Amino acid sequence: MAAALRKAGIEDFILLEKALDVGGVWRENRYPGAACDVPSHLYSFSFHPNPDWSRKFAPQAEILAYLQDFASRFDLRRHIRFGAEVRSVAFDDAASHWQVTLTDGIVLQTQFVVTAMGQLSRPAVPDIPGQEQFTGKSFHSADWDHGFDLRGKRVAVIGTGASAIQFVPIVADQAASLTVFQRSPAYILPRPDRAHTRLERAFFKRMPWALRLLRLGTYLKYEVRVVAFTRLKGLMRPLGEKPFLKLLGRQISSADLRKKMTPDYPVGCKRILLSSDYLAAFERPTVRLETADIRRITATGIETQDGQQHAVDVIIYGTGFATQEFLAPLEITGRRGKSLRKAWAQGAKAHLGIMVPDFPNFFMLYGPNTNLGHNSIIYMLESQIAHVMRCLKQMDRSKATHVEVADEVYQRSTAGVQRELARTVWAGCKSWYIDAHGHNGSNWPGSTLTYRWRTRWRTLDAYRFTQQG
Ligand code: NAP
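Because the structure is predicted, anything quoted here is derived from the model rather than measured.

### Describing the site of the ligand
Step number 1: Residues in contact with the ligand amount to 22 residues; listed here are only the nearest, Ala35, Ala162, Ser163, Ser184 and Lys270.
Step number 2: For the ligand, an oxygen atom lies 3.0 Å from a polar atom in the backbone of Asp37.
Step number 3: A distance of 2.7 Å separates an oxygen atom of the ligand from a polar atom in the side chain of Ser163.
Step number 4: Notes on the ligand: free accessible area 900 Å², of which the protein chains cover 81%.
Step number 5: Counted by class, the shell around the ligand contains nine nonpolar, nine polar and four charged residues.

### Points about the environment of Val287
Step number 1: By the element assignment, Val287 lies in strand S12 (residues 287-290).
Step number 2: Taking the C-alpha atoms as reference points, Val287 and Leu178, 109 residues apart in sequence, are found 4.8 Å from one another.
Step number 3: Residues contacting Val287, with those up to four places away along its chain left out, are Ala172, Leu178, Ala281 and Phe282.

### Looking at the side chain of Asn29
Step number 1: Looking at the element boundaries, Asn29 is found in the loop between helix H2 (25-28) and helix H3 (60-73).
Step number 2: According to the relative accessible area criterion, Asn29 is buried, its value standing at 9%.
Step number 3: The contacts of Asn29, once residues within four sequence positions are left out, are Ala34, Gln60, Ser141, Ala142 and Phe321.

### Looking at the pattern of salt bridges
Side-chain pairing between opposite charges can occur once the charged atoms of the two side chains come close.
Step number 1: Enumeration over the complete set of coordinates arrives at 26 salt bridges.
Step number 2: Its salt-bridge partner being Arg271, residue Asp37 comes within 2.9 Å of it at the nearest N-O pair. A residue pair is termed long-range when its members are at least 10 positions apart, and Asp37 in the loop between H2 and H3 and Arg271 in the loop between helix H9 (255-260) and strand S11 (273-274) qualify at 234 residues.
Step number 3: Here Asp173 and Arg284 are joined by a salt bridge, their closest N and O atoms 2.3 Å apart. Pair noted here: Asp173 is in helix H4 (residues 164-174) and Arg284 is in the loop between helix H10 (278-281) and S12, with a separation of 111 residues, a long-range link.
Step number 4: With relative accessibility at 53%, the residue Asp173 sits in the exposed group.
Step number 5: In this structure Arg284 comes out as partly exposed when scored by relative accessible area, which is 33%.
Step number 6: Via salt bridges that share partners, Arg6, Glu11, Asp75 and Arg78 belong to a single interconnected network.

### Quick word on the pairing of strand S9 (residues 177-181)
Step number 1: Most of S9 is tucked away, with four of its five residues classed as buried.
Step number 2: Direction of pairing for strand S8 (residues 154-158) relative to S9: parallel, over a ladder of five bridges. Among the inter-strand pairings, Ala156 is bridged to a residue of S9, identified as Thr179.
Step number 3: What joins S8 to S9 is H4, and the crossover it makes is right-handed.
Step number 4: Two elements, S9 and S12, share four bridges in a ladder whose sense is parallel. Residue pairing for S12: Val180 is matched across the bridge by Leu289.

Calculation criteria
- Residues numbered from 1 in each chain as written.
- Predicted model: local features only at pLDDT ≥ 70, side-chain atom pairs only at ≥ 80, totals over all residues.
- Heavy atoms only, no water.
- Near = heavy atom within 4 Å.
- Polar contact = N/O pair within 3.5 Å; in protein donor to acceptor, adjacent residues only side chain to side chain.
- Areas by Shrake-Rupley, 256 points an atom, 1.4 Å probe, with all protein chains shown as cover.
- Nonpolar A, V, L, I, M, F, W, Y, C, P; charged D, E, K, R; others polar.
- Helix = DSSP H or I, 4+ residues; strand = E, 2+ residues; numbered from the N terminus.
- Contact = heavy atoms within 4.5 Å.
- Buried < 20%, exposed > 50% of the residue type's maximum accessible area, 1.4 Å probe, protein only.
- Salt bridge = Lys/Arg side-chain N within 4 Å of Asp/Glu carboxyl O.
- Pairing = 2+ DSSP bridges.
- Right-handed = clockwise from strand over helix to strand, strands pointing away.

If you want it as structure tokens, here you go:
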């Protein structure tokens, strides 16, 4: 967004960052084995390709370095105020502008607000009875303690999601024993990772068109899979279930364990995970899978509902993130003190995931219903950024000071998204995409091309451009 603003000659903006460096989730998630499960040539900005990715699925440190280098190359750092955590964002009706209050009490006044806080940025540690009694070490995967040596320790991992499957094989290498507490098994497919050779990297540096072609090919390969998620769900069996069962059969020798690791919900309903070494880790004599529910945590370990005591020195929470409280913990109020949290009491929604009525000049990036199960989120973000820029340019042209989505358009478009979601694979189980009311406020129900078309080419009739104040 900042790069797009600068490209358009707009310099009068600041980025508020609560941490002390850029990088977002790639700065926070430093657990061993962290890497992106979207190929890096696609998981990077279209206007800033990186011929130097060392692997097809680059590790966290490289992605973080890419983002930090991006901030420097696009000269964004001078716009960033680090250590600036926002507490509230409120529209001042009298002055017709926004007031942004930081946790240190500083108040900023601004014409526009764009949020870019992500959906996976607040670690969720479940409230298990007895946690405070545990005398060993415990931490969340997004808050990994690299100073703590796991060698020789008895380790428990709670959770078997995208993060856990990446660090479990490495923890298994180090720990004296490892018990993985699984609530629901995941569909896992092999990760077709490999190193990029020096020759390939040199070639991509010299031939940018070849890199663009590779990116396009990867994009299309991922994009066609949307059909299986949204329309022809039967395709999920050959595309997801069969290769999963094949991998399971190859890597797990015990029939009992294979049964425990086979999900009972439709493929794709929770995120499909990629790993070629997670399942194999359970073949080690020191690694155990525990499927009994956790009853409580004791001073010395974990007690399961069947009364078993699991003595451990370390508990690692691979329990994911608070995904359903969009933009939390910020207090956001629009016109006439309208609270965004209250407006979203029955589930978060926004027109194209970007705008909500009564919140003029307030745009969201990676807002409600813009998450994907099949392709790179960067593509969606670039669509959103281009859309915000379109709105700003239209304001310039029409000499408007305010832009706001019309209520009837918002109602129609968000109801349409929910109607379409009801037909998708995500309607088939409980996952982090769905909130306590059964509302899917996370995923976009169609292709990323449809989204791009709607954000880039559809008229801006959905919005009211006005002059105020
Ligand atoms: P997650 O997918 O939400 O997984 C959390 C795991 O913890 C699940 O297995 C969940 O079980 C379990 N869990 C939660 N509360 C529990 C409790 N009280 N008792 C027992 N188990 C509990 O979280 P994540 O692995 O951190 O990943 C979140 C998302 O971040 C991913 O879906 C992905 O979008 C992104 N991510 C991406 C990458 C990547 O690119 N490679 C890596 C990491 C994360 P249930 O399934 O039963 O709820």
